[in-house]
Amino acid sequence: MAKQFRKILKSDKFIITAEIGPVKGTNVKKMIDDIEILKTKVDALNVTDNQSAVMRYPSLGTCLLIKEHGEEPIFQITCRDRNRLSIQADLLFAFSRGIENTLCLTGDSLKMGDHPEAKPVYDIDSVQLIQLIHNLNSGKDLSGNNLDGRVDFCIGASATPSADPIEPQLIKFEKKLKAGIDFVQTQAVYNLDELKRFVDYSRNIDKSVKILAGIVLLVGAGMAKWMNENIPGISVPQNLIDKLAKIPKGEGLSKGIEIAGNLIKRIKDEKICDGVHIMAIGKEEKVPDILKAAGILKI
Amino acid sequence: MIGQVKKPIEEILDYLDSKKKIVIYGCGGCATVFHTGGEPEVNEMKDILIENGKDILAAISPPFGEFTCYAPWSKKRMNSYKKQINDCNAILMLCCGDGLQVVREYILENEFGLTKSIYPATNPVGHMGGGPSLFREKCIQCGECELGKVSGICPMTQCAKGLLNGPCGGTKKDGKCEVNPDNDCAWVLIYRRLKELGELDKMREIIQPKDWSKMQRPRELEVEPLSLE
């Protein structure tokens, strides 16, 4: 059941992607369950690559699982763990197995993860990675050698609309646009005015790039405060934290689903951007409930 | 300069475990500035090793300005201690790894024809500038300086990820780096400087992937020798 994410990107459909975070180990059952739950309800599943610099089942392997289970994957590639040879080789393999969508990321610092003693790579950065994929798409590797067999990747990038200071981030994003991307997925947004400001900036430079707003499912006031303090570029407004704080114990998740649903509904109804990317962080099975709360899923 | 810190004395004593007769050799360059191998540290090491039952055949403290890593100087210096060096079981180097290896290869092996145990007493921690008290790593000697494109602030050194095309998403609200919140985000600093210089367009130019072959080690240079007279 090929959906052709890139065709959807070119349509007027409100785009919905969800994140799959690979497991630590080889027990892939929960991932498969999540893939089965989500596959008819989203446009593509986006797989993190050793997220938070924690070693896990690979992004590429999970993309294959998603393909095997009939959904379209987005292959997240960070520059932290692989040099330009390894990245290109993984991309060739990915395309040969029908994985055609990419999301180009820098990668969290090793210091944040569970192997802080490892040697970081960052041979290329996210902007150069976008250029590298364009090279591959044109039949050449990064050194200009011809490829035997073509690839044709759809290219995504990330952006941080709520960063402070914002301008250095916007200039970097401008480079990603200049390098050429098909879609951008943002860091979690809660302040829709900041999202609008970012969308205006992006569309002013390139109207064709589809913008997916990042939606992180909040499960309580504690998580919201933790993200505000620990994750740069995420800013949960105080009124949302207050709402979550008033919820009786055990009901934080349902409130979080309602908050995420409302955000998505507003983004869709007010046509703020082209879609959303839902990061449920371990609660992937709740994505359908979020979509119901947003009025997108009817059943 | 080569920033350096002292190794734990336990590690040094472990190296010297079966060695009785020791020559200590400091450095009048970086190791003097970083208090790892100047005269006071050489004397201190001598006392510690004597307390631990070692015979110190020589404790050499080159004067300030005499870099142990510069072979013509260390050769001249070591020539006056040739007998002690010949008699010792090990040489303890209170300097960076450059100094130790210059002494091992160019002086001991090539000049004196000696194969001697030689051990480090410091941990070098980077090429650093600044002082007199605070030193910071500023340059990774990448072989192809990019400072002209980035307002004189090296992102390969100052950015925790060495990014060449702008900040990652880890810039904190105060413009600090999430990897080490004591440090400013290199790209916020570059942005501010380029803005002040009226050259913000430079930040919009995509810097191409770095030619890391210029860092293929070991690198070497051939230069016209300096006259020391």
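The notes below deal with the structure included here. For clarity, every value in this text was computed on a predicted model and none was experimentally measured. (Residues numbered from 1 in each chain as written. Chains lettered and ligands numbered in written order. Predicted model: local features only at pLDDT ≥ 70, side-chain atom pairs only at ≥ 80, totals over all residues.)

Attention now moves to the overall build of chain A. Along its length, chain A carries eleven helices and eight strands. Against the globule reference of 19 Å for 299 residues, chain A gives a C-alpha radius of gyration of 18 Å, in line with a compact fold. Its C-alpha atoms give chain A principal-axis dimensions of roughly 60 × 45 × 45 Å. For chain A, the residues scored as buried account for 47% of the 299 residues in total. The contacts of chain A with a sequence gap of at least 6 include a subset with a gap of at least 24, amounting to 79%. (Helix = DSSP H or I, 4+ residues; strand = E, 2+ residues; numbered from the N terminus. Rg over C-alpha atoms; globule rule 2.2 N^0.38 Å. Buried ≥ 20, exposed ≤ 12 C-beta atoms within 10 Å, placed from the backbone. Contact = placed C-beta atoms within 7 Å.)

Looking only at helices and strands, one finds nine helices and seven strands in chain B. The 229 residues of chain B split such that 35% are buried.

The next subject is the nonpolar core. Of all hydrophobic cores here, the largest spans 98 residues; its most connected members are Leu-45, Leu-129, Ile-130, Ala-213, Ile-215, Ala-260 and Ile-290 of chain A. Every residue in contact with Ile-215 of chain A, bar those within four places of it in the chain, is listed here: Ala-188, Ala-260, Leu-263, Ile-264, Val-276, His-277, Ile-278 and Met-279 of chain A. Ile-2, Cys-30, Ile-91 and Met-93 of chain B belong to the second-largest nonpolar core, a separate cluster that totals 33 residues. (Core = buried A, V, L, I, M, F, W, Y, C linked by C-beta atoms within 7 Å.)

Now for the sheet that holds strand E4 (residues 90-93) of chain B. Residue and element names in this part refer to chain B. The strand order E3-E2-E4-E5 describes an open sheet built from four strands, whose pairing is parallel. Edge positions in the sheet fall to strand E3 (55-60) and strand E5 (117-120), since each has one partner strand and no second. Looking at each pair of strands side by side, their axes are set apart by 20° on average, direction ignored. As defined by bridge partners, strand E2 (residues 21-25) adjoins E4 across four bridges and the pair is classed as parallel. Bridge assignment links Val-23 to a residue of E4, and that residue is Ile-91. Sheet strands in contact with helix H3 (residues 39-51) are E2, E3 and E4, and its direction is about 175° off that of E3. Packed onto the sheet, helix H6 (residues 97-109) meets E2, E4 and E5 and runs at close to 170° relative to E5. (Pairing = 2+ DSSP bridges. Axes fitted to C-alpha atoms, helices over the stretch in contact; angles between N-to-C directions.)

This paragraph deals with the interface of chain A and chain B. Listed per partner, the contact involves 29 residues of chain A and 25 residues of chain B. Of all the secondary-structure elements, those providing two or more residues to the side of chain A that touches chain B are helix H5 (126-137) and helix H6 (167-179) of chain A. With nine residues, H6 of chain A is the largest single contributor of residues to the side of chain A that touches chain B. Taken together, the residues that form the side of chain A that touches chain B break down as eleven nonpolar, eight polar and ten charged. (Nonpolar A, V, L, I, M, F, W, Y, C, P; charged D, E, K, R; others polar.)

Residues and elements named next belong to chain B. Direction vectors running N to C along helix H4 (residues 71-79) and H6 enclose 70°, while the axes themselves pass 10 Å from each other. Taken together, the axis directions place H4 and H6 in an arrangement best described as roughly perpendicular. In this structure, the crossing between H4 and H6 has a hand that is right-handed. Of the residues in H6, those touching H4 at Ala-71, Ser-74, Lys-75 and Met-78 are Val-102, Val-103, Tyr-106 and Ile-107. (Parallel < 35°, antiparallel > 145°, perpendicular 65-115°, else oblique. Left-handed = near helix turned anticlockwise from the far one by under 90°.)

Residues and elements named next belong to chain A. Reading around the circumference, E1-E2-E3-E4-E5-E6-E7-E8 is the order of the eight strands in this closed barrel, with parallel pairing throughout. Going across the sheet, the axis of each strand differs from the next one's by a mean of 25°, ignoring polarity. Pairing between strand E2 (residues 44-47) and strand E3 (residues 73-78): three bridges, direction parallel. By the bridge assignment for E3, Leu-45 is matched with Pro-73. Packed onto the sheet, helix H3 (residues 59-68) meets strand E1 (15-20), E2 and E3 and runs at close to 175° relative to E3.

Interpretation note: all reported values are geometric properties and have no functional meaning in isolation.
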